[in-house]
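Residue-level structural notes
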Amino acid sequence: GQQVMQIPQYQHVQEGEDFTTYCNSSTTLSNIQWYKQRPGGHPVFLIQLVKSGEVKKQKRLTFQFGEAKKNSSLHITATQTTDVGTYFCAVNSGGSNYKLTFGKGTLLTVNP
Amino acid sequence: DGGITQSPKYLFRKEGQNVTLSCEQNLNHDAMYWYRQDPGQGLRLIYYSQIVNDFQKGDIAEGYSVSREKKESFPLTVTSAQKNPTAFYLCASSQQGAIQPQHFGDGTRLSIL
């Protein structure tokens, strides 16, 4: 099935610093989704990217899909303590529109 | 409010016992999913169902079974054949069609006594 590598595994920042997590694939992706899971919570859908080179923004979050559709990034500007959690990318796999393969996630901690 | 309800929140099982985790949704979604989450492993797909009375194995189906008799319900049974069942189990659902966002329940944490 589809494999996706997510880096870094952990990131600790001071409040106000920026943060970026990356997802990389060896094959071309049809789309990519991003989720956030707060500590003790469940994953919550953030966004889906479909087009080559696509950039989408949600307040302080910027999502990018690479030109070759093999990588994606999530960038948070000026982190806040509310940004704490694990960020996952997820890609379509196995030839099914329903089957997602999740990256292992990046755990973000923010020091106030 | 529409959503996904998983019960119980915490579950303890003795070795050799089967246990069933409940997942109910009132979002009118056609597709439902079960994931297993272990520390540092992300989410791994156990089973998924695109429609009532149909389901497919995911990446780690061994030792698990499911049924989909109703649109709203997708229970997961962890059988005694599952060698390492201690984990956080998440149920999700999505609308039918080309890749849709998945909506997750609050999860069930299963521990072996």
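It is worth spelling out the sheet that holds strand β3 (residues 19-24) of chain A at this point. All names here are of chain A. Strand order in the open sheet formed by five strands is β1-β3-β8-β7-β6, and the pairing between neighbours is antiparallel. A strand with exactly one partner marks an edge of an open sheet, and here the two such strands are β1 (5-7) and β6 (55-58). The average undirected angle you get between the axes of adjacent strands in this sheet is 15°. Direction of pairing for β6 relative to strand β7 (residues 61-65): antiparallel, over a ladder of four bridges. By the bridge assignment, Lys57 is partnered in β7 with Thr62.

The interface of chain A with chain B comprises 21 residues on the first partner and 26 residues on the second. Taken together, both faces of the contact between chain A and chain B bury some 2,000 Å²; the carbon and sulfur share is 55%. Where chain A packs against chain B, one counts one salt bridge. We note a salt bridge from Lys99 of chain A to Asp59 of chain B, for which the minimum N-O separation is 3.3 Å. Scanning the region where chain A abuts chain B turns up five residue pairs in polar contact (both at pLDDT 80 or more). Contributions of two or more residues to the side of chain A that touches chain B are made by β4 (32-37), β5 (43-49), β9 (85-92) and β10 (100-102) of chain A. For the side of chain A that touches chain B, a count of residues per class yields seven nonpolar, twelve polar and two charged.

Glancing now at the state of the cysteines. As enumerated under the stated definition, the model contains two disulfides over all chains in all. Disulfide pairing is shown between Cys23 of chain A and Cys89 of chain A; the S-S distance is 1.6 Å. What sets the handedness of the Cys23 of chain A and Cys89 of chain A disulfide is the S-S torsion sign, and at about -80° it is left-handed. Highlighted residues: Cys23 of chain A in strand β3 and Cys89 of chain A in strand β9, separated in sequence by 66 residues. Cys89 of chain A matches Cys23 of chain A in its accessibility class, with the two residues each being buried. One disulfide bridge connects Cys23 of chain B with Cys91 of chain B, the sulfur atoms lying 1.9 Å from each other. Handedness here is read from the sign of the S-S torsion; for Cys23 of chain B and Cys91 of chain B, about -75°, the answer is left-handed. Here Cys23 of chain B is found in strand β3 (residues 19-25), whereas its partner Cys91 of chain B is found in strand β9 (residues 87-94), with 68 residues between them in sequence. In this structure, Cys23 of chain B and Cys91 of chain B share a single accessibility class: buried.

Per the stated rule, a full pass over the model turns up twelve aromatic pairs over all chains. Their ring planes at 70° and their centres at 5.6 Å tell us that Tyr35 of chain A and Phe45 of chain A sit as a pair that is edge-to-face. In this pair, Tyr35 of chain A is assigned in strand β4 and Phe45 of chain A in strand β5, connecting sequence segments ten residues apart. The class for Tyr35 of chain A is buried, based on a relative accessible area of 0%. Taking the centre distance of 5.9 Å and the plane angle of 65° together, the rings of Tyr64 of chain B and Tyr89 of chain B count as edge-to-face. Note that Tyr64 of chain B is positioned in strand β7 (residues 64-66) and Tyr89 of chain B in strand β9, a separation of 25 residues in sequence. Between Arg109 of chain B and the ring centre of Phe88 of chain B, over which it is positioned, the NZ or CZ distance is 4.4 Å.

Our focus in this paragraph is the pairing of β4 of chain A. In summary, the side chains of a regular strand alternate between the two faces of the sheet. Residues and elements named next belong to chain A. Among the six residues of β4, six are classified as buried, and the element is accordingly described as predominantly covered. Of the two faces of β4, the one holding Ile32, Trp34 and Lys36 and the one holding Gln33, Tyr35 and Gln37 are both buried throughout. Examined bridge by bridge, β4 and β5 share six bridges and lie antiparallel to one another. Residue Ile32 lies in a different strand from β5, and its bridge partner there is Leu49. Sheet topology note: the β4/β9 ladder contains six bridges and is antiparallel. Residue pairing in the sheet places Tyr35 in a bridge with Phe88 of β9.

Calculation notes
- Residues numbered from 1 in each chain as written.
- Chains lettered and ligands numbered in written order.
- Predicted model: local features only at pLDDT ≥ 70, side-chain atom pairs only at ≥ 80, totals over all residues.
- Heavy atoms only, no water.
- Pairing = 2+ DSSP bridges.
- Helix = DSSP H or I, 4+ residues; strand = E, 2+ residues; numbered from the N terminus.
- Axes fitted to C-alpha atoms, helices over the stretch in contact; angles between N-to-C directions.
- Contact = heavy atoms within 4.5 Å.
- Buried area = accessible area lost by both parts, 1.4 Å probe.
- Salt bridge = Lys/Arg side-chain N within 4 Å of Asp/Glu carboxyl O.
- Polar contact = N/O pair within 3.5 Å; in protein donor to acceptor, adjacent residues only side chain to side chain.
- Nonpolar A, V, L, I, M, F, W, Y, C, P; charged D, E, K, R; others polar.
- Disulfide = S-S within 2.5 Å.
- Buried < 20%, exposed > 50% of the residue type's maximum accessible area, 1.4 Å probe, protein only.
- Phe/Tyr/Trp six-rings, centres within 6.5 Å; stacked < 30°, edge-to-face > 60°.
- Lys NZ or Arg CZ within 6 Å of the ring centre and 35° of its normal.

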